[in-house]
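What follows is each chain in one-letter form.
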There are 6 protein chains.
Amino acid sequence: MSRGLYIGRFQPFHKGHLRAVKWILEREDELIIGIGSAQYSYTLRNPFTVGERIYMIWTTLKSEGLLDRIMFSAIPDTDSQHSTWVSHVKTYTPPFDKVYTNDPLSQILFQDEGIDVQPIPFFDREIYSATRIRNLIIEDNKEWMNLVPKPVAEFIIKIGGDKRIKKLASI
Amino acid sequence: MSRGLYIGRFQPFHKGHLRAVKWILEREDELIIGIGSAQYSYTLRNPFTVGERIYMIWTTLKSEGLLDRIMFSAIPDTDSQHSTWVSHVKTYTPPFDKVYTNDPLSQILFQDEGIDVQPIPFFDREIYSATRIRNLIIEDNKEWMNLVPKPVAEFIIKIGGDKRIKKLASI
Amino acid sequence: MSRGLYIGRFQPFHKGHLRAVKWILEREDELIIGIGSAQYSYTLRNPFTVGERIYMIWTTLKSEGLLDRIMFSAIPDTDSQHSTWVSHVKTYTPPFDKVYTNDPLSQILFQDEGIDVQPIPFFDREIYSATRIRNLIIEDNKEWMNLVPKPVAEFIIKIGGDKRIKKLASI
Amino acid sequence: MSRGLYIGRFQPFHKGHLRAVKWILEREDELIIGIGSAQYSYTLRNPFTVGERIYMIWTTLKSEGLLDRIMFSAIPDTDSQHSTWVSHVKTYTPPFDKVYTNDPLSQILFQDEGIDVQPIPFFDREIYSATRIRNLIIEDNKEWMNLVPKPVAEFIIKIGGDKRIKKLASI
Amino acid sequence: MSRGLYIGRFQPFHKGHLRAVKWILEREDELIIGIGSAQYSYTLRNPFTVGERIYMIWTTLKSEGLLDRIMFSAIPDTDSQHSTWVSHVKTYTPPFDKVYTNDPLSQILFQDEGIDVQPIPFFDREIYSATRIRNLIIEDNKEWMNLVPKPVAEFIIKIGGDKRIKKLASI
Amino acid sequence: MSRGLYIGRFQPFHKGHLRAVKWILEREDELIIGIGSAQYSYTLRNPFTVGERIYMIWTTLKSEGLLDRIMFSAIPDTDSQHSTWVSHVKTYTPPFDKVYTNDPLSQILFQDEGIDVQPIPFFDREIYSATRIRNLIIEDNKEWMNLVPKPVAEFIIKIGGDKRIKKLASI
C-alpha cells in the first residue's frame, strides 16, 4: 500500500494536472492532492479561492471515477519560512511515502528532510499551463475551455471566474 | 442540486459524526465536511493533526461508499476575530446552501450573514462524544474502539494515537 | 496646546465613559480615544465590532458637540507581546502628551517608556460598568438603556446587539 | 440618512482627497474615511504612520467644519487574503450603504459581495497625487506645500516628515 | 564531539538552572540554551523580555568561565501549532544531538520526530523554582536574591525587575 | 562600561563582518550581535537558517577568543511595520548604548527614537560581501572559502550549504 503527495496551486485545475494525477495513480495506490497557497485568491496569479479549487478538482475526479483513491488537503503558505515548510505540509496531510513535484524549492526542502521526491513528466506543457489558460481568458479566447476538464470550465463560467480574471488583469 | 456544510473538529471522528453525515445526506445531495481548528494538534483537546483527521474521515467514508457525495476542507481558526469567520469559512469551502451545526456561536455568525443554519439531532450523545472517547483512552478502557468506525480505530492504533493522548493527559 | 490619550474597549460605550471624556477635556485641549482590542467581536466580553464601537462613540460625542476636540483610533491587540505595546499604540495614534488610564499594565508599560500616566476618577463605578450593562442585557433588564447615552441605546437596539449578547451568553 | 465609505492610504492627505470628500458629502449624509494599510509606515510608499495620517485628516476637516459628518477608521491590511477583505473592512467600520473608490480590486471585491460601488471623479489628478507630492519633497521642491491643506503642510514640517521622506528615498 | 539542547523560559535564570547547565556539560561537549516564549514579557508568568533573559544567562556563564562551550538562541512560541514545533526549534538552533528537558509535551514532540530526549535531575526543586522566586519578590522577601546567581540579582535590581513583578502582581 | 549593538543578516558571516566586530570592540566594552531576518532561510538571499548563522558566528568568535565580550540574539523581522522596529529590537536584545549600522532605514528608525547610531567603515567591501560570496558559490568558484573565516567554510561544506545555494540559484 503506497501513497503519494502531489502539491500544486491549481489556478485553475487543467487537463495537464489531470494527466499527472493519472500518471501518479499508475505508480501509487493512493494520492493526496495538496492545494497550496490556500489563503490567497483574487490576484492575477491566484484568482480562485481554495474552496473553488477544491470543487474544481473534486468534480473532475468524480466524473473520472477516481475519488476512492484520492484525498484532498488545503495547505496555507508560510511566507518565506521555508525551513518549517515540510513539517507544515506533514501537519496538513495524511501520511505519505513519496512527493511528486517539479518545484525545485520543494525538491530541496523535502530531500533535506530525507523524503523521496519524484519529478512529474510534463504533458504538452506548452499547451496545458495555468498561466497560459489565464492569459487566454484575459484575451477573451474561448480556447481556454478546451484546456480544462469540462466540469471545471462549467464551474468557472457559473461563478463568473472568467470575468473575475479579466477584471484582475485590468488592475 | 443542494449542498450542505458540516463543520467540526473531529478529535477523533466517531460513529455519532458518521450518523450525522448520513442524516444530512438524506437532506442534501452533496456535503462539505469542514475540519475546523486545522492548525492545532498535540493538545488534549486537539490531539490529532488535521492531516490525520482527513485520513480518518476519508477512509471511513470510503468504506461506506460515500466519497462521491462528500468534499473535504481543512479550515484554520482565526483566533477570536469572529466577525470575519463566515467569510473565512466561505474562502476555504466550495459554495454551499445550508450550514449544519449545533455550535451556538456558529449559528449566530452564519445567521447574521443571512445564511440558513440547521441543528443536527444528537445520536446517543451520552455514548458518542469525542471528549468521552479521549477520556476512555486515557483510562485505558478499550471500549473507545467500539465508538469509532473500524478504520478510525485501526489508524489511531497504527500511528500510536492512543499513546499520544495518554502522554498528553500526563502534562 | 495639550493632547491626552484615553484607551478603552468600550463594550459598550456608557455614561461613565462619557463623564471620563468630559473630565479629561477639562484638563486637555484635545483628546484621542483609542479603541482597544480592535480585532475582536462576537464574544461575551467583546460583543461589538470596532466599527460598531466607533459609531457608538462618534454619535454620542456629536450629540454632545464635542467632535472638534476628539480624535479616534482603532488599536488592534498584540497578544501578550507587551514590550512593544507602547510603540504599537504610538503608531496608531496622533502625538499625545499624557495617557489617562486605570489599567495597571498600561500604567507600567507607559511609565517604563517615560510617558506621563494619569488615573481617571471613577464615576459611580458600581452603576456604570460595561460588564454590568452586558449582564443586565442578558437578564433582559431594560435598566441597561439608562446606563448608556441615548444614541448608543438606539444603535444597539437597531443592530440587534442586545439579542447578540443574549445568544453569546447561551454558549 | 445615507452613509458612504471612502478608503485610501492618504500618504499624505492632499487637496485632491479633500475635494473628493466634499464631492461625496454632496451625495451622502455621512462619510466614513477608512485609512488603509494602517500597519505600514517608514517606507517610501507609506512614509507616515496611521496615527500621523489620522491627525492630518482630522485637523483639515476640523478647519473645514466637517467633523460632524465624518467618521474615521484605521484599517490594517490582510496581505493577499483578498476573499476576506470586505468582511474585514466591515468589521473596522460603522455600517455603510455605498463604497466610493477607484481601486479596481476593491471594486471587484465589494461588487462580488453585492455592495454598491461608485467611482470618484479625479480632480486635477496630474497635479494632486500623493506620489507626485512625495517626489516633490524628495526633489526639495517646496511646491508640495501648495498641494496639501495648510494644516497638513504644517504638521509634516513639525514632525520632520519631509526629512523622513528624503532619507527613505536614499535607501 | 556532542552537542545538547536545553530549552527553558528562564523567568528568571536561577541557581537550579545553572546546576542543570553544569550537569549537562558533564555529558556533552557543547550546549545550546534555547530561551523559549521569546516574544512574551511583562506578564506575571513571563516578566522579563528575551533580551533581559539573554543578559542574565550570559553574564552568569561569563562569571563561571563557561561561555566557550555554550551557544544561545531566542525561540519565539508558535501558539498551539505543536506539530511544527520541532521543526521550528531546529530552525532557531545550531545542529544538536540530544534534547534535555523535563517538559512532557516537548518529550512527546521530539520523540515523535525520532530525536533523543533526556530528563534533567531536579536540584532542590522545592527551593530553586522560578515561580517561587517570583512569589518571594511579590512578598518582598529578599531571600529571592540567594536563589539566583549574583549577577542575575544585580541585573534585576538595576533594571527595576523586582518592582515590575510586584506591579504585575497587582493587576 | 559601554555596550554596542551590531545588526546584520550574516548570510553568511564573512571576514568583513569579523573585522567590523573587532573594530567595534576597540570602541565598546561589549557587543551584541543581532541576527536579523531570523525566520527566513532557504532563499537565495537568505540561504541559512538563523541557527546555522548562530553557529557560524559563535565558532568563529570562539576561535578568536572573543566570546566573553559578545552576546547573541536572533531577531525575527516584522514585515514592513517599521514604526515598531526599534521597540521590537530592544525586546530581543540586552540593553545597549549605541547602534552600529550602515543601513539607512535602521539609521532613521533608531535616530527618530533618540538612539545614537554610528556607521561602520567598510573593509575591502568589493571583496568581502555576502552577495559576492553567494555568487562565487553559485559559479563553483572555490575562492569563496578564502572570504569567510575557516570555521565558517568548514561548517558550510559540512551541512551542504554550498550545494543548497546552487540549487536555490536554479529555481
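About the thresholds
- Counting restarts for each chain, with residues numbered from 1 along the sequence as it is written.
- By the order in which they are written, chains take letters starting at A while ligands take numbers starting at 1.
- Confidence filtering applies because this is a predicted model: local features only for residues at pLDDT of at least 70, side-chain atom pairs given and counted only at 80 or more, and all residues used for totals across whole chains, interfaces and linings.
- Secondary structure elements follow DSSP: runs of H or I no shorter than four residues count as helices, runs of E no shorter than two count as strands, and numbering proceeds from the N terminus.
- Every C-beta atom is placed from the backbone, and the number of other C-beta atoms within 10 Å of a residue's own sets its class: buried at 20 or more, exposed at 12 or fewer, partly exposed in between.
- A residue pair is marked as a contact if its C-beta atoms, positioned from the backbone, fall within 7 Å.
- In this description, strands pair whenever DSSP reports at least two bridges between them.
- Note on method: axes are straight lines fitted to C-alpha atoms, helices fitted across the in-contact stretch only, with angles between N-to-C directions ranging 0 to 180 degrees.
- To superpose the copies, least squares is applied to the C-alpha atoms of every residue with a pLDDT of at least 70 in both.
- Should an angle fall under 35 degrees it is taken as roughly parallel, and over 145 as roughly antiparallel, whereas 65 to 115 is taken as roughly perpendicular and any remaining angle as oblique.
- When residues are grouped by polarity, Ala, Val, Leu, Ile, Met, Phe, Trp, Tyr, Cys and Pro land in nonpolar, Asp, Glu, Lys and Arg in charged, and all others, Gly among them, in polar.
- Confidence per residue, as judged by the predictor, is encoded in pLDDT with a range of 0 to 100.
- A helix is expected to span 1.5 Å for every residue after the first.

Caption draft 1: Molecular detail of the overall build of chain A. Helix and strand counts for chain A come out as 7 helices and 5 strands. Secondary structure elements in chain A, listed N-terminal to C-terminal, are β-α-β-α-β-α-β-α-β-α-α-α. Overall, chain A is about 45 × 35 × 25 Å in size when its C-alpha atoms are taken along their principal axes. Burial analysis of chain A (171 residues in total) assigns 53% to the buried set. Relative to all contacts within chain A whose residues are 6 or more apart in sequence, the contacts with residues 24 or more apart total 70%.

Caption draft 2: Here's a closer look at the sheet that holds strand β3 (residues 70–74) of chain F. Residues and elements named next belong to chain F. Spatially, the 5 strands line up as an open sheet ordered β3-β2-β1-β4-β5, and their pairing is parallel. Each of the sheet's edge strands pairs with one partner strand only, and the pair in question is β3 and β5 (116–118). For this sheet the average axis-to-axis angle between neighbouring strands, irrespective of direction, equals 25 degrees. Note that strand β1 (residues 3–8) and strand β4 (residues 98–100) share 3 bridges and pair parallel.

Caption draft 3: Quick peek at the relation of the copies chain E and chain B. It takes a turn of 120 degrees to lay chain E on chain B, together with a shift of 0.0 Å along the axis; the resulting RMSD is 0.0 Å. The transformation relating the two chain copies, once decomposed into turn and shift, fits a three-fold axis. Taking the C-alpha atom as reference, chain E places Asp-79 of chain E closest to the rotation axis, 6.2 Å from it.

Caption draft 4: Spatial organisation of the packing of helix α5 (residues 130–138) of chain B against helix α8 (residues 161–169) of chain B. All names here are of chain B. Interaxial distance between α5 and α8 falls to 9 Å at its minimum, and their mutual angle equals 85 degrees. On the basis of the axis angle, α5 is roughly perpendicular to α8. Each of Arg-134, Ile-137 and Ile-138 in α5 lies in contact with α8, whose residues at this interface are Asp-162, Ile-165, Lys-166 and Ala-169. Per-class residue counts for the contact of α5 with α8 are 4 nonpolar, no polar and 3 charged.

Caption draft 5: Looking closely at the interface of chain B and chain A. Contacts between the two partners involve 21 residues from chain B, matched on the other side by 21 residues from chain A. Ranked by residue count, the leading element in the side of chain B that touches chain A is helix α2 (residues 50–63) of chain B, at 7 residues. Its residues assigned to classes, the side of chain B that touches chain A comprises 11 nonpolar, 6 polar and 4 charged.

Caption draft 6: Here's a closer look at the arrangement of the chains. When C-alpha atoms are compared, chain D and chain E, though not in contact, are closest at a spacing of 19 Å. Spatially, chain B is disjoint from chain F: no contact exists, and the shortest C-alpha separation is 19 Å.

Caption draft 7: Quick look at the interface of chain E and chain B. Chain E puts 8 residues into the contact, and the matching count from chain B is 11 residues. Split by residue class, the side of chain E that touches chain B holds 4 nonpolar, 4 polar and no charged.

Caption draft 8: Spatial organisation of the confidence of the model for chain A. For chain A, per-residue confidence averages 95 on the pLDDT scale, and residues scoring 70 or more make up 100% of the total. Across the assembled chains, the prediction reports ipTM 0.95 with pTM 0.94.

Caption draft 9: Inspection of the pairing of strand β3 (residues 70–74) of chain D at higher detail. Residues and elements named next belong to chain D. A large share of β3 lies buried, amounting to 5 of its 5 residues. Side chains Ile-70, Phe-72 and Ala-74 project from β3 onto one buried face, and the interleaved Met-71 and Ser-73 project onto a second face that is buried too. Sheet topology note: the strand β2 (residues 30–35)/β3 ladder contains 5 bridges and is parallel. Each bridged residue has a counterpart across the sheet, and for Ile-32 the counterpart in β3 is Met-71.

Caption draft 10: Up close: the environment of Ser-87 of chain D. As for its placement among the helices and strands, Ser-87 of chain D is situated in helix α3 (residues 85–92). Sequence separation between Ser-87 of chain D and Glu-113 of chain D is 26 residues; the distance between their C-alpha atoms is 9.2 Å. With sequence-adjacent residues up to four places away left out, Ser-87 of chain D is seen in contact with Ser-83, Thr-84 and Ser-87 of chain B.

Caption draft 11: Representation of the relation of the copies chain B and chain A. By a simple turn and slide, chain B fits onto chain A: the slide is 0.0 Å along the axis, the RMSD is 0.0 Å, and the turn is 180 degrees. With respect to symmetry, the two chain copies, as superposed, fit the operation of a two-fold axis. In this assembly, 100% of the residues forming the interface of chain B have copies in chain A that are likewise at the interface, indicating an isologous arrangement.

Caption draft 12: Structural view of the sheet that holds strand β5 (residues 116–118) of chain C. Residues and elements named next belong to chain C. Overall, parallel pairing links the 5 strands, which are arranged β3-β2-β1-β4-β5 in an open sheet. The sheet terminates laterally at β3 (70–74) and β5, the two strands that pair on one side only. Recorded for the sheet is a direction-independent mean angle of 25 degrees between the axes of neighbouring strands. Two strands pair when backbone bridges link them, and strand β4 (residues 98–100) and β5 are joined in this way by 3 bridges, in the parallel orientation. Following the sheet pairing, Tyr-100 is matched in β5 by Gln-118. On top of the sheet, helix α2 (residues 50–63) reaches β2 (30–35) and β3; it is set at about 170 degrees to β3, its chief contact.

Caption draft 13: Quick look at the environment of Glu-126 of chain A. Along the chain, Glu-126 of chain A falls in the loop between β5 (116–118) and α5 (130–138). Between the C-alpha atoms of Glu-126 of chain A and Ile-171 of chain A, which are 45 residues apart in sequence, the distance is 26 Å.

Caption draft 14: Focus on unusual backbone geometry. A cis amide bond links Gln-11 of chain A to the next residue, Pro-12 of chain A, at an omega of 0 degrees. One non-glycine residue, Ser-37 of chain C, lies in the positive phi region at around 50 degrees. Within the secondary structure, Ser-37 of chain C sits in the loop between β2 and α2. Since 21 C-beta atoms lie within 10 Å of it, Ser-37 of chain C is described here as buried.

Caption draft 15: Spatial organisation of helix α2 (residues 50–63) of chain A. Between its first and last C-alpha atoms α2 of chain A spans 20 Å; for 14 residues at 1.5 Å apiece the expected length is 20 Å, and the two agree. Within α2 of chain A, 12 of the 14 residues are buried, leaving the element largely enclosed by the surrounding structure. For α2 of chain A, the complete set of buried residues consists of Val-50, Gly-51, Glu-52, Arg-53, Ile-54, Tyr-55, Met-56, Ile-57, Trp-58, Thr-59, Thr-60 and Leu-61 of chain A. Elements that come into contact with the buried residues of α2 of chain A comprise α1 (15–25), β2 (30–35), β3 (70–74) and α6 (150–158) of chain A together with β3 (70–74) and α3 (85–92) of chain B. Following α2 of chain A by one or two positions, Gly-65 of chain A has its phi on the positive side, about 70 degrees.

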